[in-house]
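Given next are the chains, with one letter for each unit.
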Amino acid sequence: MSNSPVRPVSIWDIGSWDLESDIVIAGFGIAGVSAAIGAAESGADVLVLERTGGGGGAAALSGGIVYLGGGTRLQKACGFDDTPENMKTFLAAALGPGVDEAKLDVYCEGSVDHFDWLESCGVPYKEGFWSQPGWECPEDDSLMYSGGENAAPFSSLVDPAPRGHLARVPMPRTGDQGAGHVLMTTLIAKAADLGVRVESDVRVQRLVVDDTGRVVGIVAQRFGDTLAVRARRGVVLATGSFAYNDEMMQAYAPRLYQRPAATVEEHDGRGILMAQALGARLAHMDACEVAFFCDPQLIARGVLVNGRGQRYVAEDTYPGRVGQLTLYQNDNQAFLVLDERAYEEGMEAPSSSPQLRHRPTWVCETVAELESEMGLPAGALTATVELYNEHAEQGTDPVLGKKPEWVRPIGSPIAAIDLRNMTGGFTLGGLQTSVHSEVLHVDGEPIRGLYAAGRCTSGLSAWGYCSGISLGDGSFFGRRAGIRAAAS
Ligand code: FAD
C-alpha cells in the first residue's frame, strides 16, 4: 500500500471520467457523512467513495461521545450551566499545548448550533446525566463528563460542565447498538434522504489536478479497476488517521507504534499522503489519544503508581489523561494499588467496560510485603501509601487533588494490579486545515478544491485529548467542509 503511487495525476492523463459530482467525498465515517449532509443541505450534488462495503468507519464502532457545550439544550435540560468561554478555557488547557485558537473559537462558538443540527438530523438524546467514572455510559443517559472537567487540575481552572453528548441507545444495550452505531446509522439515513450517492468498495488513491493546481477529481481502485472521478466543485478527504500505517507511525508517533486501539485498519494514512504529495502542511503528527486498559471505577478507588512506586495522576480524572501520562511520562509503567474493600466496591459498580476489570496480580497483608513482591524499590510504595493515608484520614489529597468522594485510607489486605504496557490508541495529527476545512499548502494558502476533516486532519487536539473530540471535530469541521465546498 505505502508503495502504490500517491502523487497527483494531471487532468490531461485522464481519458474519461467514470463518475462525476459537484462534491466528491473520500470516506464515509463521521467526517465524511457530516460533509455529505452539509454539502447536500447546501444544494450540491454529492458522491461519497468508501473503501469498505458500507459506511460507518471507526465512528460506527465508537462509544459515540460527541464533545459539545457552551449551553446546549441537553446541558440545560440536565441542569448544567455552560458558556462558550468556559468551554474554550477548558479545552485550550486540556487539548494543548499548541491548540489552534481559531478552530477552537469557531468550535466553541458553534457548539450549541452543532448540537441542534445533530438533533435536526434525527440523532436522539435522552435528558439524563451519567455521573459515574467511566469510558462511556452503561445506561441510556446522554450526558457525561468525558475529559476530566470535574477533576484536578482542570476543576480549579474553570467551572466544570459535562460536555460528552451521547446518542440515546436502545435498552438493554447490545454490542452493536452503541451510541456510535445510533449516531452513524441516523446520519447515514439522513444523507440518503438528501440524495447523497455512495459508491462502496472504492479505495481512493490519488488526487487529480488541473493546470492551475486546483484539485478537480480523484483516482480510485475498485476490485482491480481504476476509476476516475470528477469533482466539479471540490474534494473532501475524510479517510481517518494513520494509526495503521507502520511507516508513518514509526516516523511520527513511535510511542504508539503497534499499539492501535479505538481505530480501524482502514486508517492507513492514505488521505494524508495524497494531500502531502500536493504540498499540504501537516500539524501535531505526534499527538495521540491514549486509552488506558483498566476500568475507571477501579482506578478512582485506588492509587496509581509508576515503576518507582510514586503517584503521578489524580485517579478520578478522565482515563484518557491517565493513558497519556502513563505512556508518555511514565514509560508505560503503572500499577493500581487498592485494598480489598475498594476492589470489591469497584467490581460491583456499574461500568461500560467490565472487560477492563482485572484481577489483582499480587495480594498481601502489608504494603512492605506488597512492594517487595512487586519488585519496587524498598520503601517507595510504603512512603506513597503513608503519605496518601495521612491526608486521606482528613478526606483530602493535597498532592494530586483527587476529589474527597474518592479519597479513603488504604487498609489491609492490600492488592496491586499490574497495568504495565496497558495502553493503546490512535493518532490525532494530520493535514492542517483552515476554519473552513480547506487543506492548507505549506505556503499557508488553501489548496484550491481540496477540503478535509476528521482524523486525517489535525483537529482540535494538539497534544491532550477528551473523549468526544474526534466525533466532535470530525462532524463539526466535516459539515463545514461540505458547506464550503458547495459554495465554491
Ligand atoms: P472514520 O469515522 O473511521 O471514517 C473514515 C472512513 O474512511 C472509513 O469508513 C474508512 O473505511 C474510509 N476510508 C479510509 N481510507 C479510504 C480510502 N483510501 N478510500 C475510501 N475510503 C477510505 N471518538 C469520539 O470522539 N468519541 C468516542 O466516544 C469514541 N469512542 C471510540 C470507541 C471505539 C471502540 C473506536 C473504534 C473509536 C472511538 N472513537 C471515539 C474514535 C472515533 O470513532 C474516530 O476517531 C472517528 O470516527 C474518526 O473520524 P473519521 O471520519 O476521520 O474516520
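Residues numbered from 1 in each chain as written. Predicted model: local features only at pLDDT ≥ 70, side-chain atom pairs only at ≥ 80, totals over all residues. Heavy atoms only, no water.

Caption draft 1: A look at the overall build of the chain. Across its full length, the chain carries 15 helices and 21 strands. For the chain, the C-alpha radius of gyration of 23 Å lies close to 23 Å, the compact-globule estimate for 488 residues. For the chain, the spread of C-alpha atoms along the principal axes amounts to about 75 × 45 × 40 Å. Within the chain, contacts between residues separated by at least 24 positions form 74% of all contacts whose residues are at least 6 apart in sequence. In the form shown here, the chain has an accessible surface area of approximately 18,200 Å², with 48% of it arising from carbon and sulfur atoms. Computed over 39 positive and 61 negative side-chain charges, the inter-centroid distance for the chain is 5 Å. (Helix = DSSP H or I, 4+ residues; strand = E, 2+ residues; numbered from the N terminus. Rg over C-alpha atoms; globule rule 2.2 N^0.38 Å. Contact = heavy atoms within 4.5 Å. Areas by Shrake-Rupley, 256 points an atom, 1.4 Å probe, with all protein chains shown as cover. Lys, Arg positive; Asp, Glu negative; His and termini not counted. Charge placed at Lys NZ, Arg CZ, Asp CG, Glu CD.)

Caption draft 2: Looking closely at the pattern of salt bridges. Under the counting rule described, the total for this entry stands at 30 salt bridges. Residue Arg233 pairs with Asp22 through a salt bridge whose shortest N-O separation is 3.3 Å. Of this pair, Arg233 sits in strand 11 (residues 225–237) while Asp22 is found in strand 2 (residues 19–26), placing the two residues 211 residues apart along the sequence. Residues Arg455 and Asp473 are paired through a salt bridge, measuring 3.0 Å at the closest nitrogen-oxygen approach. Of the two residues, Arg455 is situated in the loop between strand 21 (446–452) and helix 15 (469–487) and Asp473 in helix 15; the sequence distance between them amounts to 18 residues. Overall, the relative accessible area of 2% leaves Asp473 in the buried class. Sharing partners across several salt bridges, the network here consists of Glu20, Asp22, Asp45, Arg197, Arg230, Arg232 and Arg233. (Salt bridge = Lys/Arg side-chain N within 4 Å of Asp/Glu carboxyl O. Buried < 20%, exposed > 50% of the residue type's maximum accessible area, 1.4 Å probe, protein only.)

Caption draft 3: Structural detail: unusual backbone geometry. Omega for the bond connecting Gly96 with Pro97 falls within 30 degrees of zero, at 5°, which places this linkage in the cis form. As for its placement among the helices and strands, Pro97 is situated in the loop between helix 4 (84–95) and helix 5 (101–109). In this structure, Pro153 follows Ala152 across a cis peptide bond, with omega equal to 5°. Position of Pro153 relative to the elements: it lies in the loop between strand 6 (143–144) and strand 7 (164–166). The phi dihedral of Phe223 falls on the positive side, at around 45°, and the residue is not glycine. Relative to the helices and strands, Phe223 is located in the loop between strand 10 (215–222) and strand 11. Owing to a relative accessible area of 67%, Phe223 belongs among the exposed residues under this scheme. Of note in this structure, Ser437 is not a glycine but carries a positive phi near 70°. Within the secondary structure, Ser437 is located in the loop between strand 19 (430–431) and strand 20 (438–440).

Caption draft 4: Highlighting the nonpolar core. Formed by 93 residues in total, the largest nonpolar core has its most connected members in Leu91, Tyr107, Leu118, Leu187, Phe292 and Leu304. It is helix 1 (residues 30–41) that contributes the most residues to this core, eight residues altogether. Counting only domains with at least three residues in this core, you end up with domain 1 (1–292 + 427–488) and domain 2 (294–421). Leaving out residues up to four positions away in the same chain, Tyr107 has contacts with Tyr67, Leu68, Met87, Leu91, Leu460, Gly472, Asp473, Phe476 and Phe477. Within the second largest apolar cluster, 38 residues are counted, among which are Leu207, Val215, Ile272 and Tyr328. (Core = buried A, V, L, I, M, F, W, Y, C linked by side-chain atoms within 4.5 Å. Domains from an automatic or database assignment.)

Caption draft 5: Structural context of the site of the ligand. Taken together, 36 residues sit near the ligand, with Glu50, Ala58, His267, Arg455 and Leu471 positioned nearest. The side chain of Glu50 places a nitrogen or oxygen atom 2.6 Å from an oxygen atom of the ligand. Contact distances for the ligand include 2.8 Å between an oxygen atom and a backbone N or O atom of Arg455. Contact with the protein chains removes 93% of the 990 Å² of surface that the ligand exposes when unbound. For the shell around the ligand, the elements supplying multiple residues, two or more each, are helix 1, helix 2 (57–61), strand 9 (203–209) and helix 15. Among the elements that take part in the shell around the ligand, helix 2 stands out by supplying four residues, more than any other. Looking at side-chain class alone, the shell around the ligand contains 16 nonpolar, 15 polar and five charged residues. (Near = heavy atom within 4 Å. Polar contact = N/O pair within 3.5 Å; in protein donor to acceptor, adjacent residues only side chain to side chain. Nonpolar A, V, L, I, M, F, W, Y, C, P; charged D, E, K, R; others polar.)

Caption draft 6: Geometry of the packing of helix 13 (residues 367–374) against helix 14 (residues 380–392). The geometry of helix 13 relative to helix 14 is characterised by a closest axis approach of 8 Å and an angle of 140° between their N-to-C directions. Viewed along their axes, helix 13 and helix 14 adopt a mutual orientation that is oblique. Where helix 13 crosses over helix 14, the two elements pack in a sense that is right-handed. Across the interface between the two elements, Val367, Ala368, Leu370, Glu371 and Met374 from helix 13 touch Ala380, Leu381, Thr382 and Val385 from helix 14. (Axes fitted to C-alpha atoms, helices over the stretch in contact; angles between N-to-C directions. Parallel < 35°, antiparallel > 145°, perpendicular 65-115°, else oblique. Left-handed = near helix turned anticlockwise from the far one by under 90°.)

Caption draft 7: Representation of the domain arrangement of the chain within the structure. According to the domain assignment, the chain contains domain 1 (1–292 + 427–488) and domain 2 (294–421). Each of domain 1 and domain 2 has a C-alpha centre, and these two points are 35 Å apart. Each partner contributes to the interface: domain 1 provides 28 residues, whereas domain 2 provides 33 residues. When domain 1 packs against domain 2, close to 2,500 Å² is buried across both sides, 60% of that on carbon and sulfur atoms. Considering only the surface of domain 1 that becomes buried against domain 2, Trp135, Arg255 and Phe292 emerge as the three largest contributors, covering 32% of it. Viewed at the interface, domain 2 and domain 1 are joined by one salt bridge. Of the charged contacts in the structure, one is a salt bridge between Asp331 and Arg255, with a shortest N-O distance of 4.0 Å. The tally of links between domain 1 and domain 2 comes to nine residue pairs in polar contact (both at pLDDT 80 or more). For the side of domain 1 that touches domain 2, the element with the most residues is strand 13 (residues 288–292), which contributes three residues. (Buried area = accessible area lost by both parts, 1.4 Å probe.)

Caption draft 8: Region of the structure containing the side chain of Gln75. Here Gln75 lies in helix 3 (residues 73–77). In this structure Gln75 touches Leu68, Gly69, Gly70, Phe80, Asp82, Leu143, Ala161, Pro162, Arg163 and His165, once residues within four positions along its chain are discounted.

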